[in-house]
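Examining the three-dimensional arrangement
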Amino acid sequence: MSYFADLPVAQFEGPDSRNPLAFRYYQPERLVLGKPMVEHLRPSVCYWHSFCWPGSDVFGAGTFNRPWHGLPETLESAKGKADEAFTFFEKTGIPYFAFHDVDAISLGTSLREGWSNLDAIADYFAGKMEKTGLKLLWGTANLFSHPRYQAGAATNPDPAVFAYAAGQVRAMLDVTHRLGGGNYVLWGGREGYDTLLNTDMRQELDQLGRFLTLVVEHKHKIGFKGTILLEPKPCEPTKHQYDFDSATVHAFLANYGLLGEVKLNIEVNHATLAGHSFEHEIAYALGHNLLGSIDLNRGDPQNGWDTDQFPADLQETTLVLYRLLQAGGLETGGFNFDAKVRRQSIDAVDMLHGHIGGVDLLARALLNAEQMILDGQLAAFVQSRYAGWKQGMGTDVLAGKLSLNDLADIAAQTPAPQPISGRQEMLENLVQRFV
Ligand code: XUL
Ligand code: CO
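The present account deals with the structure reproduced in this document. (Residues numbered from 1 in each chain as written. Chains lettered and ligands numbered in written order. Predicted model: local features only at pLDDT ≥ 70, side-chain atom pairs only at ≥ 80, totals over all residues. Heavy atoms only, no water.)

Re the side chain of Ser17
The following threshold applies: Helix and strand assignments follow DSSP, with helices taken as H or I runs no shorter than four residues and strands as E runs no shorter than two, numbered in order from the N terminus. For this analysis, a polar contact is any N or O atom pair within 3.5 Å, provided that within protein one partner can donate a hydrogen and the other can accept it, and provided that sequence-adjacent residues contribute only side-chain to side-chain pairs. Throughout, a contact is declared for two residues whenever any of their heavy atoms are within 4.5 Å.
On the secondary structure map, Ser17 appears in the loop between β1 (11-12) and β2 (22-23). Among the polar contacts listed, one links the side chain of Ser17 to the backbone nitrogen of Asn19, at a separation of 3.1 Å. Those residues in contact with Ser17 that lie beyond four places of it in its chain are Ala22 and Arg24.

Quick word on the packing of aromatic side chains
Operational definition: Pairing of aromatic rings covers Phe, Tyr and Trp, the last through its six-membered ring, and needs centres within 6.5 Å; plane angles under 30 degrees mean stacked, over 60 mean edge-to-face, and all others mean tilted. Only Lys NZ and Arg CZ are tested; either one counts as a charge over a ring when it is within 6 Å of the ring centre and within 35 degrees of the ring normal.
Across all of its chains, the model carries 27 aromatic pairs by this definition. Ring pairs connect the aromatic residues Tyr3, Phe4, Tyr47, Phe51, Trp68, Phe86, Phe88, Phe89, Phe97, Phe99 and Phe125, which therefore count as one cluster. Arg66 extends its terminal NZ or CZ atom over the ring of Phe64, reaching a point 4.3 Å from the ring centre. Above the plane of the ring of Tyr164 lies Arg148, whose end atom (NZ or CZ) is 3.9 Å from the centre.

Comments concerning the nonpolar core
The cut-off we apply is this: Residue types Ala, Val, Leu, Ile, Met, Phe, Trp, Tyr and Cys, when buried and joined through side-chain atoms within 4.5 Å, form a set referred to as a nonpolar core. Buried means the residue's accessible area, taken with a 1.4 Å probe over protein chains only, is under 20% of the maximum for its type, while exposed means over 50%, and partly exposed covers the values in between.
If you look at the biggest cluster of nonpolar residues, it comprises 117 residues, and the most contacted ones within it are Phe89, Phe99 and Phe125. Of the residues forming this core, the biggest block, 13 residues, is contributed by helix α12 (residues 348-375). Excluding residues within four positions of it along the chain, Phe99 makes contact with Tyr47, Trp48, Ala104, Phe125, Leu136, Trp138, Gly139, Thr140, Met172, Val175 and Leu179.

Overview of α12
What counts is decided by this rule: How far a helix is expected to stretch is found by multiplying one less than its residue total by 1.5 Å.
An ideal rise of 1.5 Å per residue puts 40 Å on 28 residues; α12 measures up with 41 Å between its terminal C-alpha atoms. Positive phi shows up at Gly376, right after α12, with a value of about 75 degrees.

Overview of the site of ligand 1
Selection rule: When at least one non-hydrogen atom of a residue lies within 4 Å of a molecule or strand, that residue is treated as near it. Working definition of accessibility: Shrake-Rupley area with a 1.4 Å probe, residue cover restricted to the visible protein chains.
Inspection of the region around ligand 1 gives Trp48, His100, Trp138, Trp187, Glu231, Lys233, Glu267, His270, Asp295, Asp306 and Asp338 as its neighbouring residues. Contact between ligand 1 and Lys233: an oxygen atom at 3.0 Å from a side-chain N or O atom of the residue. Between ligand 1 and Asp295 there is a distance of 3.1 Å, counted from an oxygen atom to a side-chain nitrogen or oxygen. Protein coverage of the free-state accessible area of ligand 1, which is 290 Å², stands at 94%.

See below:
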């Protein structure tokens, strides 16, 4: 019998429900600006935190004792874990999932063994996806846990490690394609440095650029129509990660000729670790046509590390959904919960609470954002603030029609401009009406 057998399938009961295992806002088919909620959100459960992590931390052992933990690493045990995972996915009402190669099955002790294990479990996943209708938001390869990757994968000083990583990514990209995945993610786990004393940064960036180019070439070779995504993070596990934030990755992609081929998977707490807000990272990515997908898990404001908690900030999520709706929404991406329950949340039902809360907050934020769009006041304010740039001298400046001399002459001939209020408090009050 499944570990999750006693859990109910989460259902929508409306905002007044007091049932902690019901959705109060998430109604997949509800139309939001003419499109079903689920298509706006494409929410996803991650395999690793819920089915692989045992609840350990640097000070102590795992606390979860799930029945599939600690079994011999065989195809049978990997299938058993998949059975539990898919049962859980169905209980959450969340239609997508995401996984790393090593989450699904042990890759054994050689590349060839890893490929054959991965192929076997991918077949099993395919059958379960067919039966349940669950879909793959993205696949990824774990290029950071094994000691061979201690000095990086693509950015390793040893080309043999680069090749090994290529072997792992090739297999997982093929599997993602085979399973109809919407995206393929590369999070640069140990692509960074711990000390510059032993690091040639430029050399390592060239390697990373080459690696990514190879991934893009392979994507086209096999006809994968999904999006290749990089996931920025400024630090942890390395002191400095090369994919620091959206703007850094933007520059990297431009340097290596990869703009248009690679987009971003932005994670809430990676933004805050970089000293930005989540909204900033989203706004930057949207502004440069770089937004691919989102990992909707937060950190803790008092901690400087990655706690991967389920989202809880309605205002922050609402503002992001507002920007997203304004920009026309996600294409192949979605909202993945790269989140884990706390180490003391040891019961099966805790996993359900985490996911229900996460997706319900997301749905509520979407509904708030819809109202903000329909209201239009915020957009109208911003538009009027920049209206000068849409006419006369403003458009001439941006079109390159005026020199520094021209502008100096114009400025000298017109009355000096007067400061105009930014109305921040009024706008903050306006947002409060919707959250
Ligand atoms: C690490 C992180 C990863 C990626 C996938 O902080 O977010 O789990 O999402 O490798
Ligand atoms: Co993530």
